Amino acid sequence: MSNPDGLLVDIAAMVESEHSNQMPLAVVVPGAVIAGRLAPQGLWNERVAEVLAGSEHLKPFAALFAPPAAGDGGADGEGATTPAVRPTHLHLHVARILQGSCGLPHTGGMYRIATADISSWTVGDLSYSDQ
């Protein structure tokens, strides 16, 4: 989808501005359905940095996700997103790729998805059965 859905971008902008991480969302991207909780980029970055910092082999990468220093917009210019900025990516946590009747990983993961790649979406929790 080369032209992101305006309503979905509005929802993502609202999550960013209100710093809420409780919006359940499922998205369809090429080859997968991913369901999780929409989170503000800053909160998502913090959580990814924590996970990476806890790994001896991945610890050096944690700095890429750490909050920018005061006055620094971050290396990619995406630093702290303001409500005026239209999100180009969704940040899902406790997210699973829905595969058949199960979700992977079982514990949920952290996914960053380009809004331009989303062909359809729905608000709400999708349930599945591990039986």
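Values in this document were obtained by computation on a predicted structure and should not be read as measured data.

## Notes on the overall build of the protein chain
- For the protein chain, the helix and strand inventory stands at three helices and five strands.
- Put simply, the protein chain runs from its N terminus to its C terminus through helices and strands in the order α-β-β-α-α-β-β-β.
- Within the span of the protein chain, comprising 131 residues, buried residues form 32% of the whole.
- Accessible area for the protein chain stands at about 7,700 Å²; split by element, carbon and sulfur atoms hold 58% of it.

## Some remarks on the pattern of salt bridges
- Applying the stated criterion to the full structure yields four salt bridges.
- Note that R86 is salt-bridged to D10, the shortest N-O span being 2.6 Å. Linking R86 in the loop between α3 (62-65) and β3 (89-99) with D10 in helix α1 (residues 6-18), this pair joins segments that are 76 residues apart in sequence.
- Relative accessible area serves as the criterion here: at 45%, R86 is assigned to the partly exposed category.
- Look at D10 and you get partly exposed, because its relative accessible area is 38%.
- Between D125 and R37 there is a salt bridge, with the nearest N and O atoms lying 3.4 Å from each other. Placement of D125 in the segment after β5 (120-123) and of R37 in strand β2 (residues 32-38) is noted, with a sequence separation of 88 residues between them.

## Comments concerning unusual backbone geometry
- Following L104, the chain continues into P105 via a peptide bond in cis, with omega recorded as -10°.
- Of note, P105 is situated in strand β4 (residues 102-114).
- If you check the backbone angles, V94 has positive phi at about 50° while not being a glycine.
- Mapped onto the elements, V94 comes out in strand β3.

## With respect to α1
- With 13 residues, α1 should reach 18 Å at 1.5 Å per residue; the first-to-last C-alpha distance of 18 Å fits that figure.
- When α1 is considered as a whole, its buried residues turn out to be L8, V9, I11, A12, A13, V15 and E16.
- Among the structural elements, β1 (23-29), β2, α2 (41-53), β3 and β5 are those in contact with the buried residues of α1.
- Once α1 finishes, H19 follows within two positions and takes phi at roughly 55°, a positive value.

## Quick notes on the environment of R112
- By secondary structure assignment, the location of R112 is in strand β4.
- The class for R112 is partly exposed, based on a relative accessible area of 33%.
- Between the C-alpha atom of R112 and that of N45, which follows or precedes it by 67 residues, the distance is 10.0 Å.

## Digging into the environment of R47
- With respect to the element layout, R47 can be found in helix α2.
- Overall, R47 belongs to the partly exposed group, its relative accessible area being 42%.
- Residues R47 and M110, spaced 63 residues apart in sequence, show a C-alpha to C-alpha distance of 8.5 Å.

The rules behind the values
Residues numbered from 1 in each chain as written. Predicted model: local features only at pLDDT ≥ 70, side-chain atom pairs only at ≥ 80, totals over all residues. Heavy atoms only, no water. Helix = DSSP H or I, 4+ residues; strand = E, 2+ residues; numbered from the N terminus. Buried < 20%, exposed > 50% of the residue type's maximum accessible area, 1.4 Å probe, protein only. Areas by Shrake-Rupley, 256 points an atom, 1.4 Å probe, with all protein chains shown as cover. Salt bridge = Lys/Arg side-chain N within 4 Å of Asp/Glu carboxyl O. Expected span 1.5 Å × (residues − 1). Contact = heavy atoms within 4.5 Å.

Remember, this is a structural readout, not a statement about activity or role.
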